[in-house]
Amino acid sequence: MDVYVRAGFAAVSLVALFSFFPDASSNRVKLEGIPTGKTRVLDLTYAINDKLVPWPGDAKFFEAKVNATVEKDGYFTRSFWMLEHYGTHLDAPAHFPPGKETVDQIPVKQLFGPAVVLDVRTESGKDADFLMPAVRVEDWEKQHGRIPEGAIVLLRTGWASRWPDVKRYRNQDAAGMMHFPGFSVEAAKLLIERKVSGLGCDTLSIDNGASKDFAVHHLALGAGLYHLENLADLSELPEAGAFLIVAPIKLEGGSGGPVRVFALLP
Ligand SMILES: [Zn+2]
């Protein structure tokens, strides 16, 4: 009798363990599957060169020089210069509000998290100034459950299909104002309430192109979130179930910098 009771208890405990920590166990399996190829990893990063789309007004953005060649020196090295906010990059909290974390000070645990993908390709196709409303976050939660603390929330606008065509990607009007979609302040407020780690987008900026006050930048960076901008094509990501590894350059005192972003597919 006693043996059956114990066995029963053990079975119940095991079931409880897996139902309490389903993600922990599946994420461990995901990591172990990377070297064997069982887990697919997407690289959401553009390679850096001098032909990417810079923010308007930035005259110089990237330069690489060869310092040594195998033929002359027996080895190959280069030096390079670039803007902190160029290509696929991370905005550190210090980018807008003074006194916040610089890129090297972002807590490491904030750089790993489940990916929440908000798909607004249809709306963005109809309205280049589209601001994703908070109700789209609520719709996501109705389908997939509450956004977990530490999630990294990506806005999928489809703008990556315009990369690296400067004209189409910036989409400037005659007055020079850019037109591309972004997060609304209301959506950002709700995501801050959910204690997410960061916001990302496949456009030049988390705020939409027509923004003059960068309200979401002030709000989200002020709350200690970081931003990922100019992410590469997000079309293969599921709306839920992927896991992100965010690896920014550890540049002391940096307002941001180039970042490598990997998505582990479920
Ligand atoms: Zn930014």
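Below or above, wherever it landed, is the structure these notes cover. Every value quoted in this text rests on a predicted model; they were computed, and no experiment measured them. (Residues numbered from 1 in each chain as written. Predicted model: local features only at pLDDT ≥ 70, side-chain atom pairs only at ≥ 80, totals over all residues. Heavy atoms only, no water.)

### Focus: the packing of helix 7 (residues 185-193) against helix 8 (residues 215-222)
Now for step 1: Where helix 7 meets helix 8, the closest approach of the two axes is 10 Å, and the angle between their N-to-C directions is 5 degrees. Taken together, helix 7 and helix 8 sit at an angle that is classed as roughly parallel. Between helix 7 and helix 8, the contacting residues are Val185, Ala188, Lys189 and Ile192 on the first element and Ala215, Val216, Leu219 and Ala220 on the second.
Now for step 2: Class assignment for the residues of the contact of helix 7 with helix 8 results in seven nonpolar, no polar and one charged. (Axes fitted to C-alpha atoms, helices over the stretch in contact; angles between N-to-C directions. Helix = DSSP H or I, 4+ residues; strand = E, 2+ residues; numbered from the N terminus. Parallel < 35°, antiparallel > 145°, perpendicular 65-115°, else oblique. Contact = heavy atoms within 4.5 Å. Nonpolar A, V, L, I, M, F, W, Y, C, P; charged D, E, K, R; others polar.)

### Observations regarding the coordination of the zinc ion
Now for step 1: Looking at the zinc ion, the protein donor atoms are Asp91 (OD), His217 (NE2), Glu229 (OE) and Glu229 (OE), and they sit 1.8 to 2.4 Å from it.
Now for step 2: Taken together, the four donor atoms surrounding the zinc ion define angles of 56 to 150 degrees at the centre, an arrangement classified as irregular.
Now for step 3: Sequence spacing of the donors to the zinc ion: D-x125-H-x11-E. Of this pair, Asp91 sits in strand 4 (residues 89-91) while Glu229 is found in strand 10 (residues 226-229), placing the two residues 138 residues apart along the sequence.
Now for step 4: When its relative accessible area of 0% is taken as the criterion, Asp91 is described as buried.
Now for step 5: Here Glu229 falls in the buried class, since its relative accessible area comes to 3%. (Donors = N, O, S within 2.8 Å, 3.2 Å for Na, K, Ca; no water. Tetrahedral: all angles 85-135°; square planar, octahedral: opposite > 155°, others 65-115°. Buried < 20%, exposed > 50% of the residue type's maximum accessible area, 1.4 Å probe, protein only.)

### Some remarks on the pattern of salt bridges
When the charged atoms of two side chains with opposite charge come close together, those side chains can pair.
Now for step 1: All told, the structure shown has nine salt bridges when counted by the stated rule.
Now for step 2: Residue Asp139 is joined to Lys142 by a salt bridge in which the shortest nitrogen-to-oxygen separation is 3.9 Å. Within this pair, Asp139 and its partner Lys142 are both found in helix 5 (residues 134-144), separated by three residues, close to a single helical turn.
Now for step 3: Close ionic contact of Arg194 with Glu141 constitutes a salt bridge, the shortest N to O distance being 2.7 Å. Here Glu141 lies in helix 5 and Arg194 lies in the loop between helix 7 and strand 9 (198-201), a separation of 53 residues in the sequence. Like Arg194, the residue Glu141 is buried in the burial classification. (Salt bridge = Lys/Arg side-chain N within 4 Å of Asp/Glu carboxyl O.)

### Concerning helix 7
Now for step 1: For helix 7, the set of buried residues is Ala187, Ala188, Leu190 and Leu191. Take helix 7 and look down its axis: the buried residues cluster within an arc of 160 degrees, on one side only.
Now for step 2: Taken together, the buried residues of helix 7 touch strand 6 (131-132), helix 5, strand 7 (152-156), strand 8 (182-183), strand 9 and helix 8.
Now for step 3: Positioned one or two residues after helix 7, Lys195 has a phi angle of 60 degrees, which is positive. (Arc of directions from axis to C-beta.)

### Some thoughts on the side chain of Asp119
Now for step 1: You can see Asp119 is positioned in strand 5 (residues 112-119).
Now for step 2: Given a relative accessible area of 15%, Asp119 falls into the buried group.
Now for step 3: Engagement of the side chain of Asp119 in a polar contact is seen with the side chain of Arg156, the distance being 3.0 Å.
Now for step 4: With near-sequence residues (within four places) excluded, Asp119 lies in contact with Arg136, Arg156 and Glu239. (Polar contact = N/O pair within 3.5 Å; in protein donor to acceptor, adjacent residues only side chain to side chain.)

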